[in-house]
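Below, each chain spelled out in residue letters.
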Amino acid sequence: MTSPESHHGQTAAALAAQGHLEGAVHEHPTWSTYWKVATILTVITVAEVWCYYVPSFVASVWFVPVLLALSALKFGIVVLFYMHLKYDHKLFRALFTGPLIVAMFTIVALLFLFGKVAVRLGLLS
Amino acid sequence: MATLAAPAFAAPIERSDGGFLSWLGTTDHKRIGYLYLFTATGFLLWGGGEAMLMRWQLRAPNQHFLSAEQYNQLFTMHGTTMIFLVVMPLSAAFFNLLVPLQIGARDVAFPRLNAFSYWVYLLGGLFISVPIIFNAGPNGGWFGYAPLTTTTYSPGLNIDFWVAGLQILGISSLAAGFNFITTIINMRAPGMNLMRMPMFTWMAFVVQFLIVLAFPVITIALVFLLFDRFFGTNFYEIAAGADPLLWQHLFWIFGHPEVYILVLPAFGLVSEVLPTFSQKPLFGYPVMVYSGILIGFLGFGVWAHHMFAVGMGPIADTVFGVTTMLIAIPTGVKIFNWIFTMWGGSVRFTTASMFAIGLVAMFTIGGISGVMHSSPPADLQQTDTYFVVAHFHYVLFGGSLMGLFAGIYYYYPKLTGHLLDEGLGKWHFWLNLIGSNLAFFPMHFSGLLGMPRRIYTYDANQGWDTFNLLSSIGAFIVGFATLILVYNMLVNRKRGRLAGNNPWGAGTLEWSIPSPPPVYNFAEIPRVTSRYPVWDLTAPELTAAVPHTLRGDEMVTAQVGGVSAGQMSVPADRRPAAAAGAGLHAPPARVPSAEELGIPIPYTTTKPFFTALGIIVMFGGLLLTRMENKIPGWAVLALGAATLVGGLYWWLTSPLEPEHEHAGAHGAAPHHAHAH
Amino acid sequence: MDSFAMPDVIVPAAGVEHTYTTTGLPHRKIGIWAFIGSECMLFASLISTYLIYKGRSVVGPFPHEAWTDPSTGHHFRAILNIPVTSASTFVLLMSSLAMVLALAAVENRDKPKVTMGEKILGSSKLWLFMTALLGTTFLGFQAFEFTSFVHEGVSIRTNLFGSSFFTLTGFHGAHVTAGVLWLCTMLAVDFKRGLGPKDALNVDIMALYWHFVDVVWIAIFTLVYLIR
């Protein structure tokens, strides 16, 4: 949801500043950023697959959190750089993160409800 | 400048032509709203007829006018029809008619996508409602719990029609959702900042987000059911280890936001009607906005209160009980805001305002019985009884439908140029109010006495007989009242009293232009300087307390120690004379055509219709594959898919409106949208 | 603000008025982001179902463990093939790189290109083609994966794993297929008349869709394939 006053007063400014209405803020990263991002993504993917093949690590409590963190990192990098949310209008960030939060909340709630994740609440458990 | 308004009682603009093809190919949001309104009214009679048949059966114990199977189909289709084919499309009719007018735009962001939404709705609506005539109507209840609806327990075509039909209707709602989100974000006139949007547009905005977030979930739940039924997957096969609660959870993750999708537009309409007929700005506007947003967010966190009876354990029951109690707070806030809007105002009792006040009262009753359900122990006594039926009819009939009726009486003159008959309207209101209370209030008692919902007949001497007789009498009164409404609409569509621009003395932007509005809506895009631009000109004393700006697109700010103090009130005599709605008192003038003003209007096009048709044919083909010989089914399915893909390419590679031809048609992308 | 001087009412200059938008952003880009938000919920439902049903299949074969059918004595190895899927994951990641390069090439079409490197990087046809090719390669991997799974004894009807796995990855594959069709259409337009800066918006929304499909795969790869 956009904040209620976010567009106030910027209509004319937006028009005047842009000159044309293509809207995308044209400060997209360049080739050097793109290939660095691709390299980082590849490295993380290799790290993830490598984790999978280390039995002692798979058996440890860190396996799932580390994999989740790594994929969240990849997710974030693609969204910020390739989908250029880092550079784009904040409205697009709101349009994406709002639903993403609802989606994550729904997944976690469902996993709780189906007993896939449990919290020990002492007396209640 | 004077072209904004037609004379108060000039003959309304004749729609350029009423030819069938012009309707089939229209992209004008007002005409699409018109189609939505009348189609949904038709389905209202259809779904109401289904209710009448059920109430005739239940008027006395041990009746066998309907068989159990017929009764199952009737209650399933009554719920499905009223929710998906009546209340949502009636809301969509108002989204279409009002959102562009209220924000000062000439159409929606994607006019052809808008037409597509309507055609998918119409064809999908027929797809799901016609089978009941052939005794093959869906019969699994409107929430179609799996595994009951899997082929093991429901082998016939009945559920196939339901699954495919809902899938089709979901496409319509989703397409409209993206369209209106874009429209409201991006097509507001200069100065129409978010905290100046009329409350109906605000509620429409919240509802679009609910739609685009809730419908994908039921889409997936239905895909699972479709795959189970057609391809032998195991999503709802208990023997394969499936969980019987999966469907229930997925359905209600959709189903509860759906409740707010149904009721928030009605809240928005009431928030337009009450200020006008109280001659006062809406009380607590920002709180109304925030409570609407809060209802939207919390609406995604309460779904499991529909499932207390399945035994989810103390933690889940507690969490969902508490969130359900919480969501009553923003809802209650709205009730009090409406009451304070009327408080101290000069209230006029027209049919529209009576229905709006009726909503406030009836929804409160439904809301209170709703809070009763939020307590799991109490819910266990009430669930699946007529008490629940009473509750959601107070919410959906007393809430949604009465709000929508208020909207019909209020906005019909804007849509057609002719007022509905107030005498008939009052008959409609009183019969509707008495009938609905007579029908639904006794259900509280029959429910608490243990009468289960969805039974097709019942034995005598259980204490339910009188209550059921009363409910049946009430239901038939409501049915008669609805016929009065439809008669009123049909008769006064072209013959009713002329409305003029602003028959009710309202304050928002849509009342500054002729009724019905010209195809381009606004000859000049207005500049908005406050929440009630029309009142600023006609009754500035009413808006003295509302924030104003001088030119519309900039804040009038006061510097307090270098910090901006936000909007301030501008005295009426200092406000710009030529704000939106200028020319309200202009002398009679002819309303110029779009060509004369040089305003590009989208082409009439049947491409969205054929694309929609492709979807229906596809699902029809899928159902045909249930036959012994699968070849015709797959052939029809392929034909539908080809029509869909071909229609999309045909649509997206053609320009929207004349200007684009010169700008170079760059619409080759198979994306469902072409910018206005 | 003064540069937006207007008469008393609202008469933005002719031409400007028609393309006027409140935020200054194009409609289609807002529309595609709203669509992507909606898709988040679609895949959230699919992923939730896969995770809920994980480990609940009554019969095998299973994704991560070997299984011997008690009635036939037939032995099934763990189904998921991590090396192959790692390769296809890499392919999809690289397609995203090609996609951003295609968009950059379209945006910078009018800039002069001198060196060989600039010419290669500036060729929208090359990068659109590469994106479509890599996408098709990913689909090829998926087709190989699906057929080999069926040969090994797990189809969409076999057990809960089969149903939820094929539906989830199949939905993703259908999205990739739609993206490849979109890319091919865009490539055809590029060959027909050349894509320039005024087409950047259309390429941009296609790229956003494509990257989103990639992002979904990032989640699927970890949640379905790697986490046991």
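Engineer: With reference to specific residues and values, describe the overall build of chain A.
Structural biologist: Scanning chain A for helices and strands turns up five helices and zero strands. Starting at the N terminus and ending at the C terminus, chain A contains elements arranged as α-α-α-α-α. Here chain A holds 125 residues, and the buried ones make up 46% of them. Contacts spanning at least 24 positions in sequence make up 54% of the contacts within chain A whose residues lie at least 6 apart. In the structure as shown, chain A presents an accessible area of about 6300 Å², 73% of it carried by carbon and sulfur atoms.

Engineer: Pulling in residues and values, what's your account of the nonpolar core?
Structural biologist: Phe96(A), Trp202(B), Trp338(B), Ile408(B) and Trp33(C) are the most contacted members of the largest nonpolar core, which totals 315 residues. In terms of residues, this core owes the most to one element, helix α6 (residues 199-231) of chain B, which gives 24 residues. If sequence neighbours within four positions are ignored, Ile408(B) has contacts with Leu37(B), Leu90(B), Phe94(B), Leu420(B), Leu485(B) and Met489(B). Among the nonpolar cores identified, the runner-up in size contains five residues, and Tyr520(B), Ala523(B), Val591(B) and Ala594(B) belong to it.

Engineer: Residue-level account of helix α3 (residues 82-107) of chain C, with values.
Structural biologist: Residues and elements named next belong to chain C. An ideal rise of 1.5 Å per residue puts 38 Å on 26 residues; α3 measures up with 38 Å between its terminal C-alpha atoms. Most of α3 sits inside the fold, with 21 of its 26 residues counted as buried. Two to three positions downstream of the cap, the backbone nitrogen of Val84 sits 3.4 Å from a side-chain oxygen, assigning the N-cap of α3 to Asn81.

Engineer: Summarise the confidence of the model for chain A; cite the residues concerned and give the values.
Structural biologist: Here chain A averages 78 in pLDDT, and 71% of its residues register 70 or above. Here residues 1-25 of chain A is modelled with pLDDT under 50, and outside its nearest four sequence neighbours on either side it reaches 59 contacts, counting other chains as well.

Engineer: I'd like a rundown of the packing of helix α4 (residues 63-82) of chain A against helix α7 (residues 200-226) of chain C, residues and numbers included.
Structural biologist: Between two packed helices, both the angle of their axes relative to each other and the distance between the axes serve to describe the pair. Where α4(A) contacts α7(C), the two axes come as close as 10 Å, and the packing angle between them is 175°. Regarding the angle of α4(A) to α7(C), the classification is roughly antiparallel. Facing Phe63(A), Leu67(A), Leu68(A), Ser71(A), Lys74(A), Phe75(A), Val78(A), Val79(A) and Tyr82(A) of α4(A), the residues of α7(C) in contact are His211(C), Val215(C), Ile218(C), Phe221(C), Thr222(C), Leu223(C) and Leu226(C). Looking at the contact of α4(A) with α7(C) residue by residue, the classes come out as twelve nonpolar, three polar and one charged.

Engineer: A description of the packing of aromatic side chains should follow, citing residues and the corresponding values.
Structural biologist: Residues and elements named next belong to chain B. Inspection of every chain in the model, using the stated rule, returns 79 aromatic pairs over all chains. Ring centres 6.4 Å apart and planes at 55° place the aromatic pair Phe230 and Phe231 in the tilted group. Linked through ring pairs, Phe84, Trp142, Phe143, Tyr145, Trp162, Phe215, Tyr236, Trp247, Phe251, Trp252 and Phe254 together constitute an aromatic cluster. Sitting over the face of the ring of Trp23, Arg31 holds its NZ or CZ atom 4.0 Å from the ring centroid. The aromatic ring of Trp650 is capped on one face by Lys607, whose charged end is 5.1 Å from the ring centroid.

Engineer: Tell me what's going on with empty space enclosed by the protein, and back it up with residues and numbers.
Structural biologist: All names here are of chain B. This structure, assessed with the given rule, holds eleven cavities of 30 Å³ or more. Counted as a void, the largest cavity has a volume near 180 Å³. Considering the residues around the largest cavity, the lining is formed by 18 residues, among which Met88, Pro89, Ala92, Ser172 and Ser173 are closest to the centre. Secondary structure elements with two or more residues in the lining of the largest cavity: α3 (68-103), α5 (158-186) and α6. With seven residues, the top contributor of residues to the lining of the largest cavity is α3. When the residues that make up the lining of the largest cavity are grouped by side-chain class, the tally is 14 nonpolar, four polar and no charged.

Engineer: Any chance you could break down unusual backbone geometry for me, citing the residues and the numbers?
Structural biologist: Generally, phi is negative for residues other than glycine and the peptide bonds are trans, each holding for most cases. With an omega of -10°, the peptide bond between Ser515(B) and Pro516(B) qualifies as cis. When you line up the elements, Pro516(B) lands in the loop between α14 (465-495) and α15 (533-538). Between Gly60(C) and the following residue, Pro61(C), the backbone shows a cis peptide bond with an omega angle of -5°. Within the secondary structure, Pro61(C) is located in the loop between α2 (27-52) and β1 (67-68).

Rules behind the numbers
Residue positions are counted from 1 within each chain, in the order its sequence is given. By the order in which they are written, chains take letters starting at A while ligands take numbers starting at 1. Only residues with pLDDT of at least 70 are given local features in this predicted model, and only at 80 or more are side-chain atom pairs given and counted; all residues enter the totals for whole chains, interfaces and linings. Values shown for side chains rest on all heavy atoms present in the structure; no hydrogens or waters enter the calculation. Numbering of helices and strands starts at the N terminus; helices are DSSP runs of H or I of at least 4 residues and strands are runs of E of at least 2. When accessible area is computed with a 1.4 Å probe and restricted to protein chains, residues below 20% of their type maximum are described as buried, those above 50% as exposed, and intermediate ones as partly exposed. Only heavy atoms enter the contact rule, under which two residues are in contact if any of them lie within 4.5 Å. Per-residue and other accessible areas were derived by the Shrake-Rupley procedure at a 1.4 Å probe size, with only the shown protein chains allowed to occlude residues. To define a nonpolar core, start from buried Ala, Val, Leu, Ile, Met, Phe, Trp, Tyr and Cys residues and group those joined through side-chain atoms within 4.5 Å. Under the convention used throughout, the expected extent of a helix is 1.5 Å for every residue step, that is, one less than its residue count. Identification of polar contacts relies on pairs of N or O atoms within 3.5 Å, with a donor-acceptor requirement for protein atoms, meaning one able to donate a hydrogen and the other able to accept it, and with residues adjacent in sequence counted only if both atoms are side-chain atoms. A residue's pLDDT is the predictor's confidence in that residue, given on a scale from 0 to 100. What counts as an axis is a line fitted to C-alpha atoms, over the stretch in contact for a helix, and the angles between N-to-C directions run from 0 to 180 degrees. Convention used here: angles under 35 degrees read as roughly parallel, angles over 145 as roughly antiparallel, angles from 65 to 115 as roughly perpendicular, and any remaining angle as oblique. In this count, Pro and Cys sit with the nonpolar residues alongside Ala, Val, Leu, Ile, Met, Phe, Trp and Tyr, while Asp, Glu, Lys and Arg are called charged and the others, Gly among them, polar. Stacked, tilted and edge-to-face are the three classes applied to pairs of Phe, Tyr and Trp rings, where Trp contributes its six-membered ring and a pair requires centres within 6.5 Å; stacked means planes under 30 degrees apart, edge-to-face means over 60, and tilted covers the rest. Only when the NZ atom of a Lys or the CZ atom of an Arg is both within 6 Å of the ring centre and within 35 degrees of the ring normal do we say a charge sits over the ring. Cavities and pockets were defined on a 1 Å grid built from protein atoms only: a cavity is a group of points that admits a 1.4 Å probe but offers it no way out, a pocket is an open group of points flanked by protein on both sides within 12 Å along at least five of seven lines, and a lining residue is one with an atom within 4 Å of any such point. Grid points are joined across faces, edges and corners, and a volume is the space filled by probe spheres set on the points.

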